[in-house]
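A closer look at the structure
So you can see what is in the structure, the chains are spelled out below.
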Amino acid sequence: MPKTVIASSKEAAGEYVARAIADLIDQTPDAVLGLATGSSPLPVYSALAQLTAGDDLSRVRGFALDEYVGLDPAHPQSYRSVIAREVVQPLGLDPANVHVPPGDAADIETAGERYEAMIRAAGGVDVQLLGIGSNGHIAFNEPGSPLDSRTRRETLTERTRLDNARFFDSLDDVPRYCLTQGVGTILEAKRIFLLAFGEGKADAVRAALEGPVTSDCPASALQLHPDATFVLDEAAASGLS
Ligand code: F6R
């Protein structure tokens, strides 16, 4: 079963995970990080930037979980832009070492396979960061996604589009499709930290940790992983027994 850590604040949660990543980078300067976007991992990135200030992180490699399809890669809310702004620049990573699924690929149906080949060639993900959707999604594996799914083009649910509308001018601007790592892809990471904050995540966290392992709640697949940790605030943990 995943370990559960309840932190006193988002900042404390971010520091807890950032310390583990900083230790890894100390031992393995070319570590492979699995990068999440959205709001939940931001405290990790800011704590990591502080912990590693002055260090040379140019050999660290990174693979993002997902990307919108049908959004200009130069749009400020494309995950390519978000990863550049929130991760690559503050941490001083080499942009050539950090990859985001190519949501704009002409051959989108085979883009997932090529992305996975790059992850394999890098030796796999050492530490994967995850958020969780209010509907239990991880990356953009919406409820119903097979637990052995691989990187592929998917359709976002209305709930996810509504949740993400806060990042856009209007709901109409939120893309309808994405290119996302699969649940099976994510489970191959050696170590996983899932971050969740706020009451809005409490039901999903409870289903993921205390419900059955089912594609109805893709995050429940983390029960099958040997080294997964949920790092929560009190509100996100409030549904746990
Ligand atoms: C982002 C991602 C999503 C988010 C999830 C939670 O790369 O894959 O699964 O982690 O939607 O988003 P936030 O953290 O914004 O609540």
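In case you missed it, the structure is sitting above this.
**Looking at the packing of aromatic side chains**
One pass over the full model with this rule turns up six aromatic pairs. Ring geometry for Tyr16 against Phe193: centres 6.5 Å apart, planes inclined by 85°, an arrangement best described as edge-to-face. Of the two residues, Tyr16 sits in helix 1 (residues 10-27) while Phe193 sits in strand 9 (residues 191-196), which places them 177 residues apart along the sequence. Residue class for Tyr16 comes out partly exposed when judged on its relative accessible area of 34%. The class for Phe193 is buried, based on a relative accessible area of 1%. Seen from their ring centres, Phe63 and Tyr115 are 5.8 Å apart, and the 80° between their planes marks the pair as edge-to-face. Pair noted here: Phe63 is in strand 3 (residues 61-64) and Tyr115 is in helix 4 (residues 108-121), with a separation of 52 residues, a long-range link. The residues Phe63 and Tyr115 share a single accessibility class, namely buried.

**Here we look at the sheet that holds strand 7 (residues 152-155)**
Spatially, three strands are ordered 4-8-7 in an open sheet, and the strand pairing comes out antiparallel. Since the sheet does not close on itself, it has two edges, and those belong to strand 4 (66-69) and strand 7, each with one partner. Strand-to-strand twist in this sheet, taken as the mean axis angle between neighbours without regard to direction, amounts to 30°. Two strands pair when backbone bridges link them, and strand 7 and strand 8 (residues 177-180) are joined in this way by four bridges, in the antiparallel orientation. Residue pairing for strand 8: Arg153 is matched across the bridge by Leu179. Strand contacts of helix 4: strand 4, strand 7 and strand 8, with the helix running at about 25° to strand 8, the strand carrying the most contacts.

How each quantity is defined
- Residues numbered from 1 in each chain as written.
- Predicted model: local features only at pLDDT ≥ 70, side-chain atom pairs only at ≥ 80, totals over all residues.
- Heavy atoms only, no water.
- Phe/Tyr/Trp six-rings, centres within 6.5 Å; stacked < 30°, edge-to-face > 60°.
- Helix = DSSP H or I, 4+ residues; strand = E, 2+ residues; numbered from the N terminus.
- Buried < 20%, exposed > 50% of the residue type's maximum accessible area, 1.4 Å probe, protein only.
- Pairing = 2+ DSSP bridges.
- Axes fitted to C-alpha atoms, helices over the stretch in contact; angles between N-to-C directions.
- Contact = heavy atoms within 4.5 Å.

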